[in-house]
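Spelled out from the first residue to the last, the chains are:
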Amino acid sequence: MCRRPFLGTIVHMTRNISRRSLMIAGAATGLAGVLARPASATPQSRGGTAFTNVTVIDPATARVVPDTTVVVNGDLITEVGGRVPAGTRIVDLRGKFLIPGLADMHTHAQAEGIDPGLNVANGVTTVRDLAGAPLAHDWRARIEAGTLLGPRYTIGSRVIDGMPSVWNPEWLDVVQVSDAASARAAVRDELAKGADFIKVYARVSREAYRALMAEAHRNGVQVVGHGPDAVPLEEAADLGQASVEHLFWTPFETSTKEVAIRAEIQRIRLELGDYAGWFKAIHPLEWTAAHSYSRGKAQRLYAKLARKRMRQVPTLTMHKGLDYARTIDLDDPRNKYLPASAVAAQEFARQELYLKDRLPSEDAEWAAMFDFRLTTVKHLHEAGVPLMTGTDIGTCAVWPGFSVHDELALFVEAGIPPMAALQASTSEPATYLGARTGRIAPSYKADLAILDANPLHDIRNTQRLSGVVVRGNYLDEQARQQLLAEIAETAANTPATAKMGGCPCHTS
């Protein structure tokens, strides 16, 4: 649940990073001639590029193929394990591992000159933005036009919440709906503005939710987002919600005290913008649910979610920042890649949304709740519920690109095998999106991450990147480090007063 508070978007910041990064991308394949290259760049051969002597890990098939060759030409993988066509540039990857590019399926556009590059530098080549920010649409247009280096974007509507919303409209451009008619109108309006899907939020009423779902499906688009407080997940799955974000609602239907919990939920009354009040009201109910857990009820619910293919995006990175809010590292070295205003926005959210009215004596309870969330993710996986990695960029202690690796590590900590964790960040998002990504196979998109060590032995090896291919553009390790250095420079030179895109979880 995105806790990124607020503040507008950086639309006037320098775009030097995007032009320079684009030139860096030319250092191997693709974009030749679009912009002038640095003197050190090597033009792409007309026959494409062959990555040789590499161990290929294809999570979609769970196959591991050592000492093989992958040929990339333009935006596509053209050969895997076959011959190298004449005129092809050779990149020897002996001793290295090749996986599909990773996906962050829960983000919010945060900062110009920062997010797209950080994703690419971390091997994240697919992004789903859940707030419909103009900045995200601008990035996608420039990426598609070849003037910005970045991942493939799918962009949702603005957040559609109930009335009153937990979001302060001064912090987030939120759409508030009060009944079926306003919900249907909101769907039509968001689609007219270019949304790829509809994002629903926690306080939408049951009546409005059902109308919103029907209108979205009538227009052929998916609904994703929070589990509305008033709507059980089983009902949401029956109505066709495509994915549910976070783990706030899942425990309620696995509790022997569900009836009493839902009665309490119905009694929650909040003022406009009282997100801290929502946390305060929901957490005790989560705690009750966790301590009245029924494996039988859980198995029945998870079986339904698995049959309906309702994806779960647990955003464990976000939950860890929330559940350990008082003790998270405020001096993480990755902060150097964020403008000071983004770091300040996260601290504001930590104090005013996470810790407001939370006593230090309650911290152990929150930490225990995180352990319960890890167990929940394990049980969801064991039941066959499809999982996808998402980080909720903009929330506390979450960084574009980097935190997808944190999410993978948390999946494995929860008890999910490394191959299945990789599937949740590659082939499952691709299947969900209906995209030719997430695989290392002929005719699939050339989005790849090159690793120095085997992630199946230790999932943290996904962080040991030595190269990235995005849209067929190859960045070797020198180019990747140069990209990171430029982003750090951009972050350091961003005025402290610059406004950030908000998390439409918390800002979203």
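Residues numbered from 1 in each chain as written. Predicted model: local features only at pLDDT ≥ 70, side-chain atom pairs only at ≥ 80, totals over all residues. Heavy atoms only, no water.

1. Describing the nonpolar core
Link 1 in the chain: Membership of the largest hydrophobic core comes to 87 residues, with the highest contact counts inside it found for Val177, Ile198, Leu212, Leu305 and Leu316.
Link 2 in the chain: Apart from residues no more than four positions distant in its own chain, valine 177 is found in contact with Ile160, Asp161, Gly162, Met163, Ser182, Ala183, Ala186, Val204 and Ala208. (Core = buried A, V, L, I, M, F, W, Y, C linked by side-chain atoms within 4.5 Å. Buried < 20%, exposed > 50% of the residue type's maximum accessible area, 1.4 Å probe, protein only. Contact = heavy atoms within 4.5 Å.)

2. A look at the pairing of strand 6 (residues 102-107)
Link 1 in the chain: Of all six residues in strand 6, six are buried; the element is thus mostly enclosed.
Link 2 in the chain: As paired elements, strand 6 and strand 7 (residues 124-129) share four bridges and run parallel to each other. Bridge pairing in strand 7 links alanine 103 to threonine 126.
Link 3 in the chain: After leaving strand 6, the chain enters helix 2 (residues 115-121) and then returns to the sheet as strand 7, a path that is right-handed. (Helix = DSSP H or I, 4+ residues; strand = E, 2+ residues; numbered from the N terminus. Pairing = 2+ DSSP bridges. Right-handed = clockwise from strand over helix to strand, strands pointing away.)

3. A short note on unusual backbone geometry
Link 1 in the chain: Cis rather than trans, the peptide bond between methionine 163 and proline 164 has omega equal to 5 degrees.
Link 2 in the chain: Of note, proline 164 is situated in the loop between strand 8 (152-161) and strand 9 (175-176).
Link 3 in the chain: The residue asparagine 53 is not glycine, and still its phi comes out positive at about 55 degrees.
Link 4 in the chain: Here asparagine 53 shows up in strand 1 (residues 49-58).
Link 5 in the chain: Even without being a glycine, arginine 471 presents a positive backbone phi close to 55 degrees.
Link 6 in the chain: Mapped onto the secondary structure, arginine 471 falls in the loop between strand 15 (465-470) and strand 16 (473-476).

4. Side note on the side chain of threonine 437
Link 1 in the chain: Along the chain, threonine 437 turns up in the loop between helix 15 (427-433) and strand 14 (448-451).
Link 2 in the chain: Each residue touching threonine 437, except ones within four places of it in the same chain, is listed here: Thr126, Arg152, Ala430, Tyr444, Lys445 and Asp447.

5. Digging into helix 14 (residues 418-425)
Because the α-helix completes a turn every 3.6 residues, residues three or four places apart line up on one side.
Link 1 in the chain: Within helix 14, six of the eight residues are buried, which leaves it mostly tucked inside the rest of the structure.
Link 2 in the chain: Along helix 14, the residues that are buried comprise Met419, Ala420, Ala421, Leu422, Ala424 and Ser425.

6. Some details on the layout of surface pockets
Link 1 in the chain: Roughly 330 Å³ of internal volume is contained in the largest pocket.
Link 2 in the chain: Along the walls of the largest pocket sit 17 residues, with Met163, Arg203, Val204, Ser205 and Ile268 positioned nearest its centre.
Link 3 in the chain: Class assignment of the residues belonging to the lining of the largest pocket gives a composition of nine nonpolar, four polar and four charged. (1 Å grid on protein atoms, 1.4 Å probe; cavity = no way out; pocket = protein on both sides within 12 Å on 5 of 7 lines; lining within 4 Å. Points joined across faces, edges and corners; volume = space filled by probe spheres on them. Nonpolar A, V, L, I, M, F, W, Y, C, P; charged D, E, K, R; others polar.)

7. A short note on the packing of aromatic side chains
Link 1 in the chain: Going through the model one piece at a time under the given rule, you end up with 17 aromatic pairs.
Link 2 in the chain: These aromatic residues form a ring-pair network of at least three members: Trp167, Trp171, Tyr201, Phe248, Trp249, Tyr275, Trp278, Phe279, Phe348 and Tyr354.
Link 3 in the chain: We note arginine 128 situated over the ring of phenylalanine 197; from NZ or CZ to the ring centre the distance is 5.8 Å.
Link 4 in the chain: Taking the ring centre of tyrosine 444 as reference, the NZ or CZ of arginine 436 above it sits at 4.0 Å. (Phe/Tyr/Trp six-rings, centres within 6.5 Å; stacked < 30°, edge-to-face > 60°. Lys NZ or Arg CZ within 6 Å of the ring centre and 35° of its normal.)

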